[in-house]
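Examination of the molecular architecture
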Amino acid sequence: MRVKINKKQKAKVYIDGANMFYAQKALGWFFDFEKIKKHLEKKYDVIDIKYYTDVKKDDQKIKKFLRYLDRIEIEPITKPLKQIKSGQHIVFKSNFDVEMTMDILLERQSYEICVLFSGDSDFHALVKKLKDFGNKVVVYSTRRMISWELKLSVDQYVFLEDLKEQIKKPPPLRAE
């Protein structure tokens, strides 16, 4: 009698920080990235998790968040936040799609599954290329933010709201 060995597949995780910021805002609750990491490690042989985000100069809140990510072994990848003058206003722009795509493609031989936390349609061409190379792609997003192009092209998609009980950050403890 042969025993079937159910080996976890090697996965690398790429998190679009700006997309996840807006996902949390839309859902009305915050993610606990340590819980997300544990969730992923139950499903996959996680090699690496990278979190891509722009950083506003002297933003202590984001610096604290990046230290938290580093402490739980999620690698923060950062660059300065772009400031674009639009008439009388300054608009802040965050975009890491090119850097993420480059890393995902250059690292593709080290994993079987690309886990992408983003619903951005800009990643559609990347997904098609990864599948041509034989990699699988799993997207984590929200029902309202996942693009139909990604939904139709990935091997699997997971809605973050369905994981609320598993990944929601608990409310801060209040001093009495």
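This text follows the structure it describes.
Right, let's walk through the structure included here. (Residues numbered from 1 in each chain as written. Predicted model: local features only at pLDDT ≥ 70, side-chain atom pairs only at ≥ 80, totals over all residues. Heavy atoms only, no water.)

**A closer look at the overall build of the chain**
On a plain count of helices and strands, the chain comes out with seven helices and eight strands. In summary, the chain has a C-alpha radius of gyration of 17 Å against a globular reference of 16 Å for 176 residues, a match within 12%. Seen along its three principal axes, the alpha-carbon backbone of the chain occupies a region of about 70 × 45 × 30 Å. Each of the 176 residues in the chain was classed as buried or not, and the buried ones make up 40%. Partitioning the intrachain contacts of the chain with sequence separation of at least 6 by distance along the chain shows that 66% fall at a separation of at least 24. (Helix = DSSP H or I, 4+ residues; strand = E, 2+ residues; numbered from the N terminus. Rg over C-alpha atoms; globule rule 2.2 N^0.38 Å. Buried < 20%, exposed > 50% of the residue type's maximum accessible area, 1.4 Å probe, protein only. Contact = heavy atoms within 4.5 Å.)

**Here's the deal with the layout of surface pockets**
Considering only enclosed or pocket space, the largest pocket measures out at about 1,100 Å³ in volume. Surrounding the largest pocket, 28 residues form its lining, Phe21, Tyr51, Lys61, Ile62 and Phe65 being those nearest its centre. Within the residue set of the lining of the largest pocket, elements represented by two or more residues are α1 (17-27), α2 (33-43), β2 (45-55), α3 (60-71) and β5 (89-93). Here the residues of the lining of the largest pocket sort into 15 nonpolar, four polar and nine charged. The volume enclosed by the second largest pocket comes to roughly 170 Å³. What lines the second largest pocket is a set of 13 residues, and nearest its centre among them are Asp16, Ala18, Asn19, Ser94 and Asp120. (1 Å grid on protein atoms, 1.4 Å probe; cavity = no way out; pocket = protein on both sides within 12 Å on 5 of 7 lines; lining within 4 Å. Points joined across faces, edges and corners; volume = space filled by probe spheres on them. Nonpolar A, V, L, I, M, F, W, Y, C, P; charged D, E, K, R; others polar.)

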